[in-house]
Amino acid sequence: MSIQVQVLIALRGVIDALAPFAAVTMGALPAQNGLSLTAAAGQTAQETLAGGATVTLDVTLNSKHESRQMALDTLCRIHEALGKASALPYGEGWQMIAVNTASAPGYVARDDTHWLYGSALAVRYVME
């Protein structure tokens, strides 16, 4: 499994451990009363002579809920917790070093019964 996919799975685990109203699914749009995340872009910030690198992975995190307050507040709480996290996941050959807000949670759309809010995270990790 690629390091990028491992990082996304680990990020999903960290968010799920915060006990939001629903488990996070992988993908661009969440189900009703759900949360989702997906890689949106990324770049190598620094390379080492040994072939390692520091990578910033841009990840969208979306929330869809019947309650506008629940959809927004959940994303805000997740961003706050990730920004303050002192212990971040790691795996064989990689380590997450920071998760920052790239785009604060904001309104995206509303259908007949659900509110959709979106946000973006900048996930930095190093790999060997």
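In what follows, the structure referred to is the one given above.
Scope of this entry: the structure provided in the associated data block.

Moving on to the overall build of the protein chain. Within the protein chain, the secondary structure is distributed over two helices and six strands. The N-to-C order of helical and strand elements in the protein chain reads α-β-β-β-α-β-β-β. Taking 2.2 N^0.38 as the reference for a compact globule, 128 residues should give roughly 14 Å; the C-alpha atoms of the protein chain span a radius of gyration of 15 Å, in line with that estimate. If one aligns the C-alpha atoms of the protein chain with their principal axes, the spans along those axes are about 55 × 25 × 25 Å. Entry remark: accessible area of the protein chain is about 6,800 Å², with carbon and sulfur atoms responsible for 51%. The centroid of the 7 positive side-chain charges in the protein chain is displaced by 8 Å from the centroid of its 10 negative side-chain charges.

Within the secondary structure, Ser36 sits in strand S2 (residues 34-47). The exposure class of Ser36 is buried, given its relative accessible area of 0%. The contact partners of Ser36, leaving out residues within four places of it in the chain, are Val24, Thr25, Gly27, Ala28, Leu29, Pro30, Thr60, Leu61 and Asn62. For Ser36, the side chain forms a polar contact with the main-chain oxygen of Ala28, separated by 3.3 Å.

Turning next to the nonpolar core. Grouped together as the largest cluster of nonpolar side chains are 26 residues, with contacts concentrated most on Leu11, Met96 and Val123. Elements supplying a minimum of two residues to this core: helix H1 (3-17), S2, strand S3 (53-65), helix H2 (68-84), strand S5 (94-110) and strand S6 (115-127).

As a further point, take unusual backbone geometry. Of note, the phi angle at Ala19 is positive, near 60°, even though the residue is not glycine. Here Ala19 is to be found in the loop between H1 and strand S1 (24-26). Of note, Asn33 is a non-glycine position whose phi angle comes to about 50°, a positive value. Counting through the fold element by element, Asn33 comes out in the loop between S1 and S2. Using a relative accessible area of 27% as the deciding quantity, one classes Asn33 as partly exposed.

Taken in spatial order, the six strands line up as S1-S2-S3-S6-S5-S4 in an open sheet, and their pairing is mixed. The strands lining the two open edges of the sheet, one partner per strand, are S1 and strand S4 (90-91). Where S1 and S2 come together, three bridges link them in parallel fashion. Of the residues in S2, the one forming a bridge with Thr25 is Ser36. H2 contacts S2, S3, S5 and S6 of the sheet and is inclined by roughly 15° relative to S6.

Calculation rules
- Residues numbered from 1 in each chain as written.
- Predicted model: local features only at pLDDT ≥ 70, side-chain atom pairs only at ≥ 80, totals over all residues.
- Heavy atoms only, no water.
- Helix = DSSP H or I, 4+ residues; strand = E, 2+ residues; numbered from the N terminus.
- Rg over C-alpha atoms; globule rule 2.2 N^0.38 Å.
- Areas by Shrake-Rupley, 256 points an atom, 1.4 Å probe, with all protein chains shown as cover.
- Lys, Arg positive; Asp, Glu negative; His and termini not counted.
- Charge placed at Lys NZ, Arg CZ, Asp CG, Glu CD.
- Buried < 20%, exposed > 50% of the residue type's maximum accessible area, 1.4 Å probe, protein only.
- Contact = heavy atoms within 4.5 Å.
- Polar contact = N/O pair within 3.5 Å; in protein donor to acceptor, adjacent residues only side chain to side chain.
- Core = buried A, V, L, I, M, F, W, Y, C linked by side-chain atoms within 4.5 Å.
- Pairing = 2+ DSSP bridges.
- Axes fitted to C-alpha atoms, helices over the stretch in contact; angles between N-to-C directions.

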